[in-house]
Amino acid sequence: MSLRHAMLGLLSAGPASGYDLLKTFEISLASVWPATQSQLYAELGRLSKEGLVRVVAEGPRGRKEYEITEEGHAELRHWLIEVSPNQTRRSDMLLRVFFLDQVDSDAARGYLERLAERAVHEHDQLRGIREFVISEGDDALRLYGDIALEWGLRLTAAQRDWAEWAAARVAALEQQKAGHTAAD
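Parameters at a glance
- Residues numbered from 1 in each chain as written.
- Predicted model: local features only at pLDDT ≥ 70, side-chain atom pairs only at ≥ 80, totals over all residues.
- Heavy atoms only, no water.
- Helix = DSSP H or I, 4+ residues; strand = E, 2+ residues; numbered from the N terminus.
- Rg over C-alpha atoms; globule rule 2.2 N^0.38 Å.
- Buried < 20%, exposed > 50% of the residue type's maximum accessible area, 1.4 Å probe, protein only.
- Areas by Shrake-Rupley, 256 points an atom, 1.4 Å probe, with all protein chains shown as cover.
- Lys, Arg positive; Asp, Glu negative; His and termini not counted.
- Charge placed at Lys NZ, Arg CZ, Asp CG, Glu CD.
- Pairing = 2+ DSSP bridges.
- Core = buried A, V, L, I, M, F, W, Y, C linked by side-chain atoms within 4.5 Å.
- Contact = heavy atoms within 4.5 Å.
- Axes fitted to C-alpha atoms, helices over the stretch in contact; angles between N-to-C directions.
- Parallel < 35°, antiparallel > 145°, perpendicular 65-115°, else oblique.
- Left-handed = near helix turned anticlockwise from the far one by under 90°.
- Nonpolar A, V, L, I, M, F, W, Y, C, P; charged D, E, K, R; others polar.
- Phe/Tyr/Trp six-rings, centres within 6.5 Å; stacked < 30°, edge-to-face > 60°.

With that settled, consider the overall build of the chain. When helices and strands are tallied, the chain shows seven helices and three strands. What you see in the chain, going N to C, is helices and strands ordered as α-β-α-α-β-β-α-α-α-α. Radius of gyration (C-alpha) of the chain: 22 Å, far over the 16 Å computed for a compact globule of 184 residues. Reported as C-alpha extents along the three principal axes, the dimensions of the chain are approximately 80 × 35 × 30 Å. When each of the 184 residues of the chain is scored for burial, the buried share is 26%. Of the roughly 12600 Å² that the chain leaves accessible, carbon and sulfur atoms contribute 54%. Positive and negative side-chain charges of the chain, numbering 22 and 29 respectively, have mean locations separated by a distance of 3 Å.

If you want it as structure tokens, here you go:
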């Protein structure tokens, strides 16, 4: 996913200012595709130059409201249907897991337990967003926003379950080693 397509998707629901888009990112897309204020405003400038969005209103302190153009809708539809999604297979987190034998079992278990705690925290944040997604926006935004949110909830639950399972496996192996050492 690219920032440009996220912005085109948000603007397809209706005109918005850069500030409005940033707030929507923070409450809906940050866990999927985070963006900073400077990235967002720079991308709005590029989208405008390319004719994919246009300024429809200007307010105090340079506030601009943007709307998606027909060319922007066409680009969004093209990206949604014709461009294969990038399903990155790189995981810094799993690469570290692969080499956890390089640290003692307490450190390995601690790393896995922190992964579980982080997953719980992210899961709780997503649950907090769910009320907003369900209560705000039009029916399509609620439906597809909730579907995307459900993916995040299921993913974080699976990450938590896996990390807790992995930490328990490390602990069991350490207990098994301790039992063999005591028996020797």
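A sheet is described by the order of its strands in space; here three strands give the open sequence 1-3-2, paired in antiparallel fashion. With partners counted over all chains shown, the strands left at the sheet margins are strand 1 (16-17) and strand 2 (53-58), one partner each. Judged from the two bridges that link them, strand 1 and strand 3 (residues 64-68) form a sheet pairing that is antiparallel. Following the sheet pairing, Ser17 is matched in strand 3 by Glu65.

All right, on to unusual backbone geometry then. A positive phi angle, near 55 degrees, is found at Arg61, a position not held by glycine. Tracing the backbone through its elements, the reader meets Arg61 in the loop between strand 2 and strand 3.

The nonpolar side chains of a soluble globular protein tend to be buried with one another. Residues Met7, Leu8, Leu11, Leu21, Phe25, Leu40 and Leu44 are the most contacted members of the largest nonpolar core, which totals 20 residues. Looking at this core, the elements with two or more residues in it are helix 1 (3-11), helix 2 (18-29), helix 3 (37-49) and strand 3. Considering every element that reaches this core, the biggest residue donor is helix 1, with six residues. Beyond its immediate stretch of four places on either side in the chain, Met7 contacts Leu21, Phe25, Leu40, Glu43, Leu44 and Leu47. With nine residues, the next largest nonpolar core counts Leu100, Ala108, Ala116 and Ala167 among its residues.

Now for the packing of helix 1 against helix 4 (residues 70-82). Across the interface, helix 1 lies against helix 4 with an axial gap of 10 Å and an inter-helix angle of 120 degrees. Between helix 1 and helix 4, the interaxial angle falls into the category oblique. Viewed along their axes, helix 1 and helix 4 form a crossing whose handedness is left-handed. Contacts between helix 1 and helix 4 involve His5, Leu8 and Gly9 on the former and, on the latter, Gly72, Glu75, Leu76 and Trp79. Of the residues that constitute the contact of helix 1 with helix 4, the class distribution is three nonpolar, three polar and one charged.

The sheet contact formed by strand 2 and strand 3 spans five bridges and is antiparallel. Residue Arg54 lies in a different strand from strand 3, and its bridge partner there is Glu67. Between strand 2 and strand 3, which pair antiparallel in sequence order, lie five residues; one of them, Arg61, sits at a positive phi of approximately 55 degrees.

Within the structure shown, the criterion is met by one aromatic pair. Both rings, one in Phe98 and one in Phe99, keep their centres 5.1 Å apart while their planes meet at 85 degrees; by these two values the pair is edge-to-face. The class of Phe98 is exposed, set by a relative accessible area of 64%.

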